[in-house]
Amino acid sequence: MRLDHGRDAKFPAYASEGAAGADLSAALRMPLTLAPGERALVPTGLAVELPEGFEMQIRPRSGLAARQGVTVLNSPGTIDSDYRGEVKVLLINLGAEAVTISNGDRIAQAVIAPVTRAEFVSAEVLSGSARGEGGFGSTGRN
């Protein structure tokens, strides 16, 4: 659904036949400038209703990240099936220069994915494995 401030917002669209993610665009009344290290919650002017058992993953656009250092901070962000508010994208500028986001600029990708819900069970002991308790960096040096 397009929200009032997003009436002229671009509808999500796949950029190619094989694209997994649909581009999401900014719905801004005025351009937004992100200084290096600055983050902002950018509106899309859209609200969605996803089927139960699915989520919308909000992912960075590779070109925006590679060329300007702007990425999605909580990547991937999740829009749950029971959320009915505006889809917003938490962007951060990790680049060395300020970046201006304007109305209609493509800012992220949306991937619709099935959700598997687990049943959590308390245990006194876990089975062993070759990895054991090895954490960050424990499976190799690369």
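The shown structure was predicted, so the numbers you read here are calculated from the model rather than taken from an experiment.

Asker: Sorry if this is basic, but what is going on with the sheet that holds strand β4 (residues 39-47) here?
Answerer: As a general point, the strands of a sheet are linked pairwise by backbone hydrogen bonds and lie either parallel or antiparallel. Reading across the sheet, the three strands line up as β4-β8-β6 and stay open at both edges, with antiparallel pairing between neighbours. At either end of the open sheet lies a strand with only one pairing partner, and these are β4 and β6 (70-72). Across this sheet, the average inter-strand angle for adjacent strands is 35°, counted without regard to direction.

Asker: Help me understand the pairing of β4, please; the structure alone is not making it clear to me.
Answerer: Each regular strand carries side chains that alternate between the two faces of the sheet. For β4, a buried count of seven out of nine residues is recorded, marking the element as mostly surrounded by other parts of the structure. Summarising the sheet, β4 and strand β8 (residues 86-93) pair through six bridges and their orientation is antiparallel. Within the sheet, the bridge partner assigned to A40 lies in β8 and is L91.

Asker: When you look at a nonpolar patch on the surface in this model, what are you seeing that I'm missing?
Answerer: A cluster of nonpolar side chains, Y14, F54 and I112, forms an exposed patch at the surface whose accessible area comes to about 290 Å². In this structure, Y14 sits in strand β1 (residues 13-14).

Asker: Would you mind showing me how to read the UniProt feature "binding site: substrate" (unreviewed entry) in the protein here?
Answerer: UniProt feature "binding site: substrate" (unreviewed entry): in the numbering of this structure it lies at R61, S62, G63, N74, T78, I79 and D80. Spatially, the listed residues are scattered: they cover 20 residues, and their C-alpha atoms lie as much as 26.2 Å apart. Along the chain, D80 falls in the loop between β7 (77-79) and β8.

The rules behind these values
- Residues numbered from 1 in each chain as written.
- Predicted model: local features only at pLDDT ≥ 70, side-chain atom pairs only at ≥ 80, totals over all residues.
- Heavy atoms only, no water.
- Pairing = 2+ DSSP bridges.
- Helix = DSSP H or I, 4+ residues; strand = E, 2+ residues; numbered from the N terminus.
- Axes fitted to C-alpha atoms, helices over the stretch in contact; angles between N-to-C directions.
- Buried < 20%, exposed > 50% of the residue type's maximum accessible area, 1.4 Å probe, protein only.
- Patch = residues over 30% accessible without salt bridge, like charges linked within 9 Å, V, L, I, M, F, W, Y side chains within 5 Å.
- Areas by Shrake-Rupley, 256 points an atom, 1.4 Å probe, with all protein chains shown as cover.
- Salt bridge = Lys/Arg side-chain N within 4 Å of Asp/Glu carboxyl O.
- UniProt positions renumbered as here; feature names shortened; annotations may be inferred.

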